[in-house]
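Residues per chain are reported as follows:
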Amino acid sequence: MSCRVVVLLSGRGSNFQAIAEADLPIEIVAVISNRPQAAGLAYARGRGLTAVALDHTAHADREAFDALLADEIDRHQPDLVVLAGYMRILSPAFIARYEGRLLNIHPSLLPMFPGLKTHERALAEGVKIHGCTVHFVTAMLDHGPIVIQAAVPVRADDTADALAARVLAQEHRIYPQAIRWFAEGRLVNMHGCVNLKDDLQSQAVLSTGTEL
Ligand code: NHR
Ligand code: GAR
(Lines give C-alpha, C1' and ligand atoms only; values in the text may rest on other atoms or scores of the structure.)
(Ligands and ions follow the chains in the order given, each with its own letter.)
Protein backbone atom coordinates (compact mmCIF):
# COMPACT_ATOMS: atom_id res chain seq x y z
CA MET A 1 0.00 0.00 0.00
CA SER A 2 1.66 3.22 -1.10
CA CYS A 3 1.77 6.43 0.88
CA ARG A 4 -1.00 8.88 -0.07
CA VAL A 5 0.39 12.40 -0.37
CA VAL A 6 -1.36 15.77 -0.63
CA VAL A 7 0.85 18.65 -1.86
CA LEU A 8 0.15 22.26 -0.85
CA LEU A 9 1.79 25.01 -2.88
CA SER A 10 1.42 28.68 -3.78
CA GLY A 11 3.46 29.27 -6.90
CA ARG A 12 6.00 27.88 -9.33
CA GLY A 13 5.92 24.36 -7.95
CA SER A 14 9.43 23.27 -8.82
CA ASN A 15 9.71 21.29 -5.58
CA PHE A 16 6.41 19.58 -6.34
CA GLN A 17 7.72 18.80 -9.82
CA ALA A 18 10.91 17.27 -8.37
CA ILE A 19 8.77 15.12 -6.05
CA ALA A 20 6.42 14.07 -8.86
CA GLU A 21 9.33 13.14 -11.13
CA ALA A 22 11.29 11.22 -8.50
CA ASP A 23 10.54 7.52 -8.42
CA LEU A 24 8.97 7.46 -4.95
CA PRO A 25 6.72 4.84 -3.30
CA ILE A 26 3.91 7.41 -3.03
CA GLU A 27 0.68 8.37 -4.73
CA ILE A 28 0.09 12.12 -5.11
CA VAL A 29 -3.65 12.18 -4.45
CA ALA A 30 -4.14 15.96 -4.72
CA VAL A 31 -2.31 19.22 -5.29
CA ILE A 32 -3.90 22.24 -3.62
CA SER A 33 -2.94 25.89 -4.12
CA ASN A 34 -4.15 28.98 -2.27
CA ARG A 35 -3.39 30.91 -5.47
CA PRO A 36 -5.53 29.88 -8.49
CA GLN A 37 -2.86 31.06 -10.97
CA ALA A 38 -0.03 28.98 -9.47
CA ALA A 39 2.09 27.34 -12.18
CA GLY A 40 2.25 24.27 -9.92
CA LEU A 41 -1.48 23.66 -10.44
CA ALA A 42 -1.15 23.73 -14.22
CA TYR A 43 1.73 21.28 -14.03
CA ALA A 44 -0.38 18.98 -11.82
CA ARG A 45 -3.27 19.07 -14.31
CA GLY A 46 -0.82 18.32 -17.11
CA ARG A 47 0.21 15.17 -15.28
CA GLY A 48 -3.41 14.16 -14.84
CA LEU A 49 -3.33 14.76 -11.08
CA THR A 50 -6.19 16.19 -9.05
CA ALA A 51 -5.50 19.94 -8.83
CA VAL A 52 -7.57 22.19 -6.57
CA ALA A 53 -7.51 25.97 -6.18
CA LEU A 54 -8.71 27.38 -2.86
CA ASP A 55 -8.34 31.15 -3.08
CA HIS A 56 -7.47 32.52 0.36
CA THR A 57 -8.28 36.09 -0.74
CA ALA A 58 -11.97 35.08 -0.81
CA HIS A 59 -11.85 34.27 2.92
CA ALA A 60 -11.32 37.03 5.41
CA ASP A 61 -10.20 35.03 8.38
CA ARG A 62 -7.27 32.63 8.54
CA GLU A 63 -8.97 30.04 10.77
CA ALA A 64 -11.99 29.85 8.45
CA PHE A 65 -9.77 29.41 5.38
CA ASP A 66 -7.65 26.75 7.11
CA ALA A 67 -10.82 24.85 8.09
CA LEU A 68 -11.89 24.74 4.42
CA LEU A 69 -8.38 23.72 3.44
CA ALA A 70 -8.44 20.87 5.98
CA ASP A 71 -11.85 19.70 4.70
CA GLU A 72 -10.45 19.55 1.15
CA ILE A 73 -7.29 17.74 2.30
CA ASP A 74 -9.29 15.17 4.29
CA ARG A 75 -11.40 14.26 1.23
CA HIS A 76 -8.20 12.74 -0.17
CA GLN A 77 -7.30 10.80 3.01
CA PRO A 78 -3.58 11.49 2.93
CA ASP A 79 -0.94 9.74 5.02
CA LEU A 80 1.31 12.76 4.47
CA VAL A 81 0.82 16.45 3.62
CA VAL A 82 3.78 18.29 2.10
CA LEU A 83 4.20 22.05 1.91
CA ALA A 84 6.09 22.81 -1.31
CA GLY A 85 6.46 26.56 -1.42
CA TYR A 86 3.19 27.05 0.47
CA MET A 87 3.30 30.69 1.53
CA ARG A 88 0.53 30.98 4.14
CA ILE A 89 1.15 30.56 7.85
CA LEU A 90 -1.09 27.75 9.12
CA SER A 91 -3.27 28.20 12.19
CA PRO A 92 -2.72 26.07 15.33
CA ALA A 93 -5.91 24.03 14.80
CA PHE A 94 -4.72 23.05 11.31
CA ILE A 95 -1.28 22.06 12.61
CA ALA A 96 -2.79 19.98 15.44
CA ARG A 97 -4.85 18.01 12.89
CA TYR A 98 -1.79 17.01 10.82
CA GLU A 99 1.12 17.09 13.26
CA GLY A 100 3.54 14.23 12.61
CA ARG A 101 2.42 13.92 8.97
CA LEU A 102 3.11 17.46 7.75
CA LEU A 103 6.45 18.32 6.13
CA ASN A 104 7.87 21.63 4.87
CA ILE A 105 10.93 22.65 2.90
CA HIS A 106 12.48 25.91 4.04
CA PRO A 107 15.21 27.76 2.12
CA SER A 108 17.75 28.17 4.94
CA LEU A 109 19.78 26.11 7.37
CA LEU A 110 17.29 26.23 10.25
CA PRO A 111 17.30 27.42 12.98
CA MET A 112 19.05 30.22 11.09
CA PHE A 113 16.75 32.52 9.09
CA PRO A 114 13.21 31.35 9.81
CA GLY A 115 10.51 33.31 7.96
CA LEU A 116 10.78 35.06 4.62
CA LYS A 117 13.57 36.61 2.43
CA THR A 118 16.08 34.04 3.62
CA HIS A 119 18.62 34.50 0.80
CA GLU A 120 18.71 38.28 1.17
CA ARG A 121 19.20 37.91 4.91
CA ALA A 122 21.97 35.30 4.48
CA LEU A 123 23.84 37.69 2.17
CA ALA A 124 23.30 40.63 4.54
CA GLU A 125 24.73 38.60 7.46
CA GLY A 126 27.73 37.53 5.41
CA VAL A 127 27.34 33.83 6.24
CA LYS A 128 29.66 31.64 4.16
CA ILE A 129 27.41 28.58 4.18
CA HIS A 130 23.69 28.59 3.44
CA GLY A 131 21.21 25.89 2.46
CA CYS A 132 17.82 24.31 2.99
CA THR A 133 15.96 22.21 5.53
CA VAL A 134 13.12 19.70 5.43
CA HIS A 135 11.29 19.69 8.76
CA PHE A 136 8.09 18.50 10.35
CA VAL A 137 5.74 21.46 10.77
CA THR A 138 4.70 22.48 14.27
CA ALA A 139 2.79 25.53 15.48
CA MET A 140 6.12 27.28 16.02
CA LEU A 141 6.94 28.72 12.61
CA ASP A 142 9.96 27.03 10.96
CA HIS A 143 10.98 25.37 14.24
CA GLY A 144 9.68 21.80 13.89
CA PRO A 145 11.89 18.69 14.06
CA ILE A 146 14.54 18.65 11.31
CA VAL A 147 14.61 15.67 8.90
CA ILE A 148 17.42 16.54 6.45
CA GLN A 149 19.48 19.56 5.45
CA ALA A 150 21.81 20.44 2.58
CA ALA A 151 24.49 23.14 2.59
CA VAL A 152 25.83 25.28 -0.25
CA PRO A 153 28.70 27.79 -0.30
CA VAL A 154 27.93 31.51 -0.40
CA ARG A 155 30.16 33.19 -2.97
CA ALA A 156 31.65 36.67 -2.66
CA ASP A 157 29.84 37.97 -5.73
CA ASP A 158 26.50 36.23 -5.04
CA THR A 159 23.15 37.85 -5.68
CA ALA A 160 20.04 36.65 -3.86
CA ASP A 161 18.85 35.08 -7.13
CA ALA A 162 22.10 33.22 -7.76
CA LEU A 163 22.15 31.94 -4.19
CA ALA A 164 18.47 30.96 -4.37
CA ALA A 165 19.13 28.92 -7.51
CA ARG A 166 22.05 27.10 -5.85
CA VAL A 167 19.88 26.30 -2.82
CA LEU A 168 16.91 25.28 -4.98
CA ALA A 169 18.94 22.57 -6.72
CA GLN A 170 19.57 21.07 -3.28
CA GLU A 171 15.89 21.41 -2.31
CA HIS A 172 15.03 19.27 -5.32
CA ARG A 173 17.41 16.61 -4.03
CA ILE A 174 16.56 16.50 -0.32
CA TYR A 175 12.76 16.85 -0.43
CA PRO A 176 12.24 13.63 -2.42
CA GLN A 177 14.73 11.92 -0.10
CA ALA A 178 12.83 13.01 3.03
CA ILE A 179 9.51 11.89 1.52
CA ARG A 180 11.00 8.50 0.63
CA TRP A 181 12.12 8.03 4.23
CA PHE A 182 8.68 9.03 5.52
CA ALA A 183 6.93 6.67 3.08
CA GLU A 184 9.23 3.83 4.11
CA GLY A 185 8.35 4.45 7.76
CA ARG A 186 11.97 5.21 8.58
CA LEU A 187 11.58 8.59 10.32
CA VAL A 188 11.55 8.32 14.10
CA ASN A 189 10.89 11.38 16.24
CA MET A 190 12.96 11.16 19.43
CA HIS A 191 12.21 13.98 21.86
CA GLY A 192 11.75 16.50 19.04
CA CYS A 193 14.73 15.26 16.98
CA VAL A 194 14.23 13.06 13.95
CA ASN A 195 16.36 9.96 13.57
CA LEU A 196 16.59 7.59 10.65
CA LYS A 197 15.64 4.00 11.49
CA ASP A 198 18.26 1.34 10.75
CA ASP A 199 20.78 3.92 9.60
CA LEU A 200 23.93 1.89 10.21
CA GLN A 201 26.15 4.49 8.62
CA SER A 202 25.11 7.39 10.84
CA GLN A 203 25.13 5.11 13.88
CA ALA A 204 28.73 4.28 13.02
CA VAL A 205 29.47 7.98 12.61
CA LEU A 206 27.86 8.74 15.97
CA SER A 207 29.78 6.02 17.75
CA THR A 208 33.17 7.07 16.40
CA GLY A 209 32.55 10.81 16.19
CA THR A 210 34.10 10.92 12.72
CA GLU A 211 32.69 12.98 9.89
CA LEU A 212 31.02 11.39 6.87
N1 NHR B 1 2.68 27.23 9.49
C2 NHR B 1 3.07 26.90 10.74
N3 NHR B 1 2.18 26.99 11.69
N4 NHR B 1 4.33 26.50 11.02
C5 NHR B 1 5.25 26.46 10.05
O6 NHR B 1 6.48 26.05 10.36
C7 NHR B 1 4.91 26.81 8.72
C8 NHR B 1 3.58 27.20 8.48
C9 NHR B 1 3.17 27.61 7.21
C10 NHR B 1 4.08 27.65 6.18
C11 NHR B 1 6.37 27.50 5.33
C12 NHR B 1 7.19 28.73 5.68
C13 NHR B 1 8.63 28.69 5.29
O14 NHR B 1 9.16 27.64 4.96
C15 NHR B 1 5.40 27.28 6.43
C16 NHR B 1 5.82 26.85 7.67
C17 NHR B 1 4.94 31.61 4.83
C18 NHR B 1 5.27 32.58 5.77
C19 NHR B 1 4.58 33.92 5.81
O20 NHR B 1 4.97 34.80 6.57
C21 NHR B 1 6.26 32.26 6.68
C22 NHR B 1 6.86 31.00 6.65
C23 NHR B 1 6.50 30.05 5.70
C24 NHR B 1 5.54 30.38 4.78
N25 NHR B 1 3.49 34.11 5.04
C26 NHR B 1 2.66 35.31 5.01
C27 NHR B 1 1.38 35.08 5.86
O28 NHR B 1 0.86 36.09 6.35
C29 NHR B 1 2.19 35.62 3.60
C30 NHR B 1 3.32 35.86 2.67
C31 NHR B 1 2.88 35.78 1.21
O32 NHR B 1 1.72 35.47 0.91
O33 NHR B 1 3.76 36.01 0.35
O34 NHR B 1 0.92 33.94 5.96
O35 NHR B 1 9.27 29.76 5.35
C1 GAR C 1 11.36 27.23 -2.46
O2 GAR C 1 12.63 27.81 -2.45
C3 GAR C 1 10.90 26.92 -1.05
O4 GAR C 1 11.95 26.49 -0.23
C5 GAR C 1 10.43 28.26 -0.61
O6 GAR C 1 9.79 28.84 -1.73
C7 GAR C 1 10.32 28.26 -2.92
C8 GAR C 1 9.20 27.61 -3.67
O9 GAR C 1 9.63 27.21 -4.93
N10 GAR C 1 9.53 28.19 0.48
C11 GAR C 1 9.34 29.20 1.30
O12 GAR C 1 9.96 30.23 1.24
C13 GAR C 1 8.27 28.99 2.32
N14 GAR C 1 8.08 30.18 3.01
P15 GAR C 1 8.80 26.18 -5.78
O16 GAR C 1 7.37 26.69 -5.84
O17 GAR C 1 9.43 26.24 -7.14
O18 GAR C 1 8.89 24.82 -5.16
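Predicted model, so just to flag it, every value in this text is computed and none were measured.

Calculation criteria
Residues numbered from 1 in each chain as written. Chains lettered and ligands numbered in written order. Predicted model: local features only at pLDDT ≥ 70, side-chain atom pairs only at ≥ 80, totals over all residues. Heavy atoms only, no water. Core = buried A, V, L, I, M, F, W, Y, C linked by side-chain atoms within 4.5 Å. Buried < 20%, exposed > 50% of the residue type's maximum accessible area, 1.4 Å probe, protein only. Helix = DSSP H or I, 4+ residues; strand = E, 2+ residues; numbered from the N terminus. Contact = heavy atoms within 4.5 Å. Phe/Tyr/Trp six-rings, centres within 6.5 Å; stacked < 30°, edge-to-face > 60°.

Caption draft 1: Representation of the nonpolar core within the structure. Counting 42 residues, the largest nonpolar core has F16 and V147 as its most contacted members. In terms of residues, this core owes the most to one element, helix α6 (residues 160-183), which gives 8 residues. Setting aside anything within four residues of it in sequence, one finds F16 in contact with V7, L9, I28, V31, G40, Y43, A44, L49 and A84. Ranked by size, the runner-up nonpolar core spans 20 residues in total, among them A30, I73, V81 and Y86.

Caption draft 2: Fine view of the packing of aromatic side chains. Throughout the structure, instances matching the rule amount to 3 aromatic pairs. An angle of 80 degrees between the planes, with centres 5.4 Å apart, marks the rings of F16 and Y43 as edge-to-face. Pair noted here: F16 is in helix α1 (residues 14-21) and Y43 is in helix α2 (residues 39-46), with a separation of 27 residues, a long-range link. The pair formed by F16 and Y43 is uniform in burial state, with each residue classed as buried. Ring centres of F136 and F182 lie 6.4 Å apart, and the angle between their planes is 55 degrees; on these two criteria the pair is classed as tilted. Note that F136 is positioned in strand β6 (residues 129-136) and F182 in helix α6, a separation of 46 residues in sequence. For the pair formed by F136 and F182, the shared burial category is buried.

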